[in-house]
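# Commentary on secondary and tertiary structure
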Amino acid sequence: MTDRQPRSLRISTPKDRGGHLVELDGVDISNALLGLSLNVRAGDMPTVVLDVVAKKIPAELDEVRAYLPDATKDLLVRLGWTPPAEEAKS
């Protein structure tokens, strides 16, 4: 998925909590991330690559049910992902 719409990304280190706070459009997405990479080039819009928390699925399995934590689902939906129809109902 490629999203060229500008978004507000804020990274801070609050003194009252360990680690970093990452906010996308004012929403804390820290719990949905393993990390991120920020790319800034002169003349281009900055881009960020988000390393999202998700379970790894062994390639040899024919049928599996993938689990995404709620924080990860919320982040993906915020970025434009549409969950499969059967998940949207639950």
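### Overview of the overall build of the chain
When helices and strands are tallied, the chain shows 2 helices and 5 strands. The helix and strand sequence of the chain, counted from the amino end, reads β-β-β-β-β-α-α. The buried share of the chain, reckoned over its 90 residues, is 18%. Long-range pairs, those at least 24 residues apart, make up 25% of the contacts in the chain between residues at least 6 apart in sequence. Carbon and sulfur atoms provide 51% of the accessible area of the chain, an area that totals close to 7300 Å².

### Details of unusual backbone geometry
The phi dihedral of D25 falls on the positive side, at around 50 degrees, and the residue is not glycine. For D25, the position within the fold is in the loop between strand 2 (21-24) and strand 3 (27-28). With relative accessibility at 31%, the residue D25 sits in the partly exposed group.

### Brief notes about helix 1 (residues 70-78)
Taken together, the buried positions of helix 1 are occupied by T72, L75 and L76. Around the axis of helix 1, the buried residues are gathered within 95 degrees of arc, so they sit on the same side. Within helix 1, the exposed residues directed more than 90 degrees away from the buried face are D70 and D74. Positive backbone phi, at 115 degrees, marks G80, one or two positions downstream of helix 1.

### Notes on the pattern of salt bridges
Tallying each qualifying case throughout the model produces 1 salt bridge. When the shortest N-O distance is used, the salt bridge between R10 and E23 registers 2.6 Å. In this pair, R10 is assigned in strand 1 (residues 9-12) and E23 in strand 2, connecting sequence segments 13 residues apart.

### A few points about a nonpolar patch on the surface
Nonpolar side chains collect at one region of the surface, where L9, I11, L38, V40 and V48 lie side by side and expose about 410 Å² of accessible area between them. For V48, a relative accessible area of 32% gives the class partly exposed.

### Comments concerning the confidence of the model for the chain
Across the chain, the average pLDDT comes to 76, with 72% of residues at 70 or higher. Element-level pLDDT for the chain is lowest in helix 2 (residues 85-89), with a mean of 59, against a maximum mean of 88 in strand 1.

### Focus on the sheet that holds strand 2
Hydrogen bonds between backbone groups are what pair the strands of a sheet, and the pairing can be parallel or antiparallel. A sheet is described by the order of its strands in space; here 3 strands give the open sequence 1-2-3, paired in antiparallel fashion. Of all the strands in the sheet, just strand 1 and strand 3 have a single pairing partner and so form its edges. Bridge analysis of strand 2 against strand 3 gives 2 bridges, and the strand direction is antiparallel. Paired with L24 across the strands is V27, a residue of strand 3.

Rules and cut-offs
Residues numbered from 1 in each chain as written. Predicted model: local features only at pLDDT ≥ 70, side-chain atom pairs only at ≥ 80, totals over all residues. Heavy atoms only, no water. Helix = DSSP H or I, 4+ residues; strand = E, 2+ residues; numbered from the N terminus. Buried < 20%, exposed > 50% of the residue type's maximum accessible area, 1.4 Å probe, protein only. Contact = heavy atoms within 4.5 Å. Areas by Shrake-Rupley, 256 points an atom, 1.4 Å probe, with all protein chains shown as cover. Arc of directions from axis to C-beta. Salt bridge = Lys/Arg side-chain N within 4 Å of Asp/Glu carboxyl O. Patch = residues over 30% accessible without salt bridge, like charges linked within 9 Å, V, L, I, M, F, W, Y side chains within 5 Å. pLDDT = per-residue confidence, 0-100. Pairing = 2+ DSSP bridges.

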